[in-house]
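Each chain, letter by letter, is given below.
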Amino acid sequence: MLLATLAGGISLGFLYGLVALTLILLVRTTGVLNFAAAEVGMLCAFITFTALTQFHLPALVAVLLTLVFSALLGAAVYCGIVLIRPADPLTLSLRTLGLLLIVNSVAYKIWGANSPYTFPNILPHGFVTLFGFNVGYVQLLVIAFAILISLAVWVLTERTKLGLLLRAVSSDREAAADLGVPVISVDLMAWCLATTVACCVGILVAHLFFLAPDMMAPILLAGFAAAQLGEMKSARIALVAGVALGIIQSASSVYFNQPELSQILSFLVLTVGLIVRGKLHDRVVST
Amino acid sequence: MTVMDHIKKRPHVLAAAAMLASGLMVTAPAKAQSETGVTATSIKLGMSAGITGPIAFASRQFSSYMQKYFDKVNAAGGVNGRKIELTIIDDGGKGDVALQNAQRLLQQERVFAMTTIGTATTAGILDYLTRQKVPLLFPGAYNTELVTPTRANTFALFQPYEGQIAAVTRWVYKTKGAGSAVIVRATPPSFDLAAKSAAATVEASGGKTLATLNTSYNQPEWASIVIRLKELKPDYIIVMTTASDMGRMWKEIAQQGAAPGKGIIGISPLADQAFLDTAGGPVPDNMIYAAVPATVVPTAKEAEDARNLSPGETMGLFGLEGAASAAVIVEALRRLGPDVTRAKLTALLHDKFEPFKVPFTDTVKSSPDHLMIQSVGVATVKNGSFVAATGEFVK
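Residues numbered from 1 in each chain as written. Chains lettered and ligands numbered in written order. Predicted model: local features only at pLDDT ≥ 70, side-chain atom pairs only at ≥ 80, totals over all residues.

Peer 1: Help me understand the overall build of chain A in this model?
Peer 2: Tallying secondary structure elements over chain A gives 11 helices and two strands in all. Along chain A, helices and strands appear, N-terminal first, in the series α-α-α-α-β-β-α-α-α-α-α-α-α. Relative to a compact globule of 287 residues, whose C-alpha radius of gyration would be 19 Å, chain A shows 19 Å and is just as compact. Reported as C-alpha extents along the three principal axes, the dimensions of chain A are approximately 60 × 60 × 30 Å. Classification of the 287 residues of chain A by burial places 49% in the buried group. Here the analysis covers contacts within chain A between residues at least 6 apart in sequence; of these, 75% occur between residues at least 24 apart. (Helix = DSSP H or I, 4+ residues; strand = E, 2+ residues; numbered from the N terminus. Rg over C-alpha atoms; globule rule 2.2 N^0.38 Å. Buried ≥ 20, exposed ≤ 12 C-beta atoms within 10 Å, placed from the backbone. Contact = placed C-beta atoms within 7 Å.)

What follows is the structure, given as structure tokens:
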């Protein structure tokens, strides 16, 4: 049972890691903590769902159209809450809280009535057995996608010219602008990229669990804890923290039989993690 | 000193007396005119329903089929010449919002009587309606508090969860044989008594309860529950949560190859179409046994009239229950005759409502505990859809 719990927890944890990556992507590039990232993912999942069930589009077309929509949405959000009145990252982060409420309310208004929905099966059905636990293809896709995004974020920010520009803008906007960096274009690209990744996460979550306006709430909390443990910078640490959280939550559900405990555990792991990290940091500084 | 002298010294006494008198003159004839929410041409009913939120699917079915039943009755001339006007307000599946809705329906809409859909939300307004002495008629809810203790103005049609699970478990154990069971329940307190009732029935029927596993509403992942089920290997899983949660549980059970030896027994939401919709893949024949309180299964021939209320729609169990509640409300109002008052309605339902039956319900009649149908049907899945597991209603 322990190994099966471990396998179940790992697949859940990668999902948390993936949500953490969507947060980190924007923080690393623009300094803004996008509280609405998960809700944007939920909105995109509903768009895909509508394209599939109302307009009966082929799965690939529906997903591709949604990805285009998500990139445009990212641009619209950037223009609507950042470009219209530039401010410091903290103020902008708070503005995304308002965006979260708007997106959630719109989703409730349009789709809330009959939720939760079962997302159409657009991915191959099947599983592989790992320690007596059957891991579905969708879960494997989540794991692969999380690793891929993690690598992509690292390569993009550390190994490309665009990454250099993104980091330059994130470090000091005015200095970067003085040096000729097209700040607005770089920001715009970062927002489009972040919402596109959030879109993928939303579709995967809806496929794995169910589709509802409030489907991202418990996942966002755990994802936020994982991102925070990665100091909102390290995709690698966030991914590891997400997996650790998934395993702990899965184990607590199996062994303690208290579903409410999993939310509390996210905070507990975050608190303990931050304290331990602080102590380690102090030790490194003193030596 | 004469009375007039007193009045001259205290003119405000005269003013107060005049206001009191005028107030009495205004209110007295009004009371004589009609009951709240009842006019010569209409009877106003109110409903608080979780049109959005965790029980949206059930709420929309219950409320829409009730509305359609009333529409049909109204189109045929109404009840004793009066049209039934149903005002539905969304409570999002939240008890505190349901209470605000009830206050609005009583104070602003001035409805004659109320109904609800949602076990947790109904619990939120029961005491208020009891204090206001407003009839609560046949809610789509399975609270024990509806019938225990008996409330003068509250009347239920559907067996509470503990009665449902006891009846269906007893029948399944008798039919398929005794065995071990694991109870999987959502944590809201509305399932406390049902979980105890299930465990007691399992023991009394010669079985053994191996464990009780807790889940939350709209639980995203079911792997942790199914890992335990795989370890415990029960003959039966007894499940109590929402239809879509039970569907997702089955999906994970199917993926993990953890189906129980003899079957899955559940409360009424398990018999709802939403269970099959969320289960994803095929559910094997004779795996599911669900309580269907008061009515036949929605696919039964006897439910044809209810299905015809909305021909283009797939009617789930809660749709049928909405139609059943509406049918009994209409019959009660019809039997009241032209003089419709809350007092007369509650008196009729309390001990004078003689046996009444529509094709898709068991017999409805007055009962000391105000539970007007005591039995449940049993639904099972065959060839991917719900059918009756037995032709009888069981207790």
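Read on, since the account is not over.
Peer 1: Honestly, the overall build of chain B in this entry has me stumped. Any pointers?
Peer 2: On a plain count of helices and strands, chain B comes out with 13 helices and 12 strands. For chain B, with 395 residues in total, the buried portion stands at 55%. For chain B, restricting intrachain contacts to residue pairs at least 6 apart in sequence, the fraction spanning at least 24 positions comes to 72%.

Peer 1: Explain the nonpolar core here, please?
Peer 2: Buried together is how nonpolar side chains tend to be arranged in soluble globular proteins. Residues Leu21(A), Val205(A) and Val168(B) are the most contacted members of the largest nonpolar core, which totals 222 residues. Here this core gets 16 residues from one element, more than from any other, and that element is helix H1 (residues 2-30) of chain A. Residue-level mapping places this core at the junction of two domains, with at least three residues from each of domain 1 (42-159 + 302-364) and domain 2 (162-293 + 378-388) of chain B. Setting aside residues no more than four positions away along its own chain, Val205(A) makes contact with Leu15(A), Gly41(A), Ala45(A), Met215(A), Met216(A) and Ile219(A). (Core = buried A, V, L, I, M, F, W, Y, C linked by C-beta atoms within 7 Å. Domains from an automatic or database assignment.)

Peer 1: Is there a simple way to explain the domain arrangement of chain B in this structure?
Peer 2: Many descriptions give the size of an interface as the accessible area lost when the pieces come together. All names here are of chain B. In terms of domain boundaries, chain B breaks down into domain 1 (42-159 + 302-364) and domain 2 (162-293 + 378-388). Once you take the C-alpha centre of each, domain 1 and domain 2 turn out to be 28 Å apart. Facing the 16 residues of domain 1 at the interface are 19 residues of domain 2. Contributions of two or more residues to the side of domain 1 that touches domain 2 are made by helix H3 (56-75), helix H5 (119-132) and helix H12 (317-336). Partitioned by chemical class, the residues of the side of domain 1 that touches domain 2 number 10 nonpolar, six polar and no charged. (Nonpolar A, V, L, I, M, F, W, Y, C, P; charged D, E, K, R; others polar.)

Peer 1: Would you take a moment to explain unusual backbone geometry for this structure?
Peer 2: Trans is the prevailing form of peptide bonds, just as negative phi is the prevailing case for residues other than glycine. All names here are of chain B. Each neighbour pair has its own omega, and for Thr148 with Pro149 the value is -5°, a cis peptide bond. Position of Pro149 relative to the elements: it lies in the loop between strand E4 (136-137) and strand E5 (154-155). The backbone phi angle of Asn286 is positive, close to 55°, even though this residue is not glycine. For Asn286, the position within the fold is in the loop between helix H10 (273-279) and strand E10 (288-293).

Peer 1: Looking at this model, I keep getting lost on the pairing of strand E11 (residues 376-382) of chain B. Mind explaining?
Peer 2: Regular strands place side chains that alternate from one sheet face to the opposite one. Residue and element names in this part refer to chain B. Most of E11 is tucked away: six of the seven residues are buried. Strand direction decides the pairing type here: E10 and E11, joined by four bridges, are antiparallel. When the sheet's bridge partners are listed, Pro293 is paired in E11 with Val376. Bridge analysis of E11 against strand E12 (residues 385-388) gives four bridges, and the strand direction is antiparallel. Bridge assignment links Ala379 to a residue of E12, and that residue is Ala388. The turn linking E11 back onto E12 is made up of two residues, and Asn383 within it adopts a positive phi angle of 50°. (Pairing = 2+ DSSP bridges.)

Peer 1: What should I look at first to understand the interface of chain A and chain B in this one?
Peer 2: Contact with chain A, which involves 27 residues of that partner, is made by 27 residues of chain B. Elements with a contribution of two residues or more to the side of chain A that touches chain B: H1, strand E2 (133-136) and helix H10 (235-256) of chain A. By residue number, the principal contributor to the side of chain A that touches chain B is H1(A), which donates four residues. The residue inventory of the side of chain A that touches chain B, partitioned by class, reads 14 nonpolar, 12 polar and one charged.

Peer 1: Mind showing me how you'd approach the packing of H3(B) against H12(B) here?
Peer 2: Pairs of packed helices are described in terms of their axes, by the angle between the two and the distance that separates them. Residues and elements named next belong to chain B. H12 packs onto H3 with a crossing angle of 40° between their chain directions and a minimal axis gap of 7 Å. On the basis of the axis angle, H3 is oblique to H12. Relative to H12, H3 is oriented so that their crossing is right-handed. Of H12, the residues touching H3 (which contributes Ala58, Gln61, Phe62, Ser63, Tyr65, Met66, Tyr69, Phe70 and Val73) are Phe318, Gly319, Glu321, Gly322, Ala323, Ser325, Ala326, Ala327 and Val330. Of the residues assigned to the contact of H3 with H12, the class counts are 12 nonpolar, five polar and one charged. (Axes fitted to C-alpha atoms, helices over the stretch in contact; angles between N-to-C directions. Parallel < 35°, antiparallel > 145°, perpendicular 65-115°, else oblique. Left-handed = near helix turned anticlockwise from the far one by under 90°.)

Peer 1: Sorry, what's going on with helix H4 (residues 89-111) of chain A here?
Peer 2: Because an α-helix completes one turn every 3.6 residues, residues spaced three or four positions apart along the sequence face the same direction. Residue and element names in this part refer to chain A. With 23 residues, H4 should reach 33 Å at 1.5 Å per residue; the first-to-last C-alpha distance of 32 Å fits that figure. Looking at H4, one finds that the buried residues are Leu92, Arg95, Thr96, Val103, Asn104, Ala107 and Trp111. Where the residues of H4 are buried, they touch helix H2 (37-53) and helix H3 (59-83). (Expected span 1.5 Å × (residues − 1).)

Peer 1: What is the right way to read the confidence of the model for chain B from this model?
Peer 2: Should the pLDDT be low somewhere, the predicted coordinates at that spot are not to be read in detail. All names here are of chain B. This prediction gives chain B a mean pLDDT of 88; 92% of its residues lie at or above 70. The lowest-confidence element of chain B is helix H2 (residues 11-33), averaging 44 in pLDDT; the highest-confidence one is E4, averaging 97. Considering only residues more than four positions removed or in separate chains, one finds that residues 13-33, a stretch of pLDDT under 50, has two contacts. Quick note on the complex model: pTM equals 0.78, ipTM equals 0.76. (pLDDT = per-residue confidence, 0-100.)

Peer 1: Is there a simple way to think about the confidence of the model for chain A in this case?
Peer 2: Summing up the model confidence of chain A, the mean pLDDT is 85 and the portion of residues at 70 or higher is 97%. Across chain A, element-level confidence peaks in H2(A) with a mean pLDDT of 95 and bottoms out in helix H11 (residues 261-286) of chain A with 75.

Peer 1: Please explain the sheet that holds strand E8 (residues 236-240) of chain B as it appears in this structure.
Peer 2: In a beta sheet, neighbouring strands pair by backbone hydrogen bonds and run either parallel or antiparallel. Residue and element names in this part refer to chain B. Overall, mixed pairing links the seven strands, which are arranged E7-E6-E8-E9-E10-E11-E12 in an open sheet. Each edge of the open sheet carries a strand with a single partner, namely strand E7 (208-215) and E12. The sheet shows a mean angle of 25° between the axes of neighbouring strands, taken without regard to direction. With seven bridges joining them, strand E6 (residues 180-186) and E7 adopt parallel strand pairing. Of the residues in E7, the one forming a bridge with Ala181 is Thr209. Where helix H6 (residues 161-176) meets the sheet, it contacts E8, strand E9 (263-266), E10 and E11, and its direction lies at approximately 135° from that of E10.

Peer 1: How should I be thinking about helix H5 (residues 137-159) of chain A in this particular structure?
Peer 2: Here H5(A) is 23 residues long and its end C-alpha atoms lie 31 Å apart, about the 33 Å a rise of 1.5 Å per residue gives. Among the residues of H5(A), those classed as buried are Gln139(A), Val142(A), Ala146(A), Ile149(A), Ser150(A), Val153(A) and Thr157(A).

Peer 1: How should I be thinking about the environment of Val97(B) in this particular structure?
Peer 2: Residue and element names in this part refer to chain B. The topology assignment puts Val97 in helix H4 (residues 95-107). We classify Val97 as partly exposed; it has 19 C-beta atoms within 10 Å. As a C-alpha pair, Val97 and Gly124 span 27 residues in sequence and 8.6 Å in three-dimensional space.

Peer 1: What is the right way to read the pairing of strand E2 (residues 83-90) of chain B from this model?
Peer 2: Residues and elements named next belong to chain B. On E2, burial follows the alternation: Ile84, Leu86, Ile88 and Asp90 on one face are buried, whereas Lys83, Glu85, Thr87 and Ile89 on the facing-out side are not. Judged from the eight bridges that link them, strand E1 (residues 42-49) and E2 form a sheet pairing that is parallel. Counted as the bridge partner of Ile43 is Ile84 from E2. Between E1 and its parallel partner E2, the chain crosses via H3, and the hand of that crossover is right-handed. (Right-handed = clockwise from strand over helix to strand, strands pointing away.)

Peer 1: So what exactly am I meant to see when it comes to the environment of Thr380(B) here?
Peer 2: Residue and element names in this part refer to chain B. Mapping Thr380 onto the fold places it in strand E11. Of the residues examined, Thr380 has 20 C-beta atoms within 10 Å and is grouped as buried. Taking the C-alpha atoms as reference, Thr380 lies 36 Å from Ala152; in sequence the two are 228 residues apart. Among residues more than four places away in sequence, those in contact with Thr380 are Asn286, Ile288, Tyr289, Val387 and Ala389.

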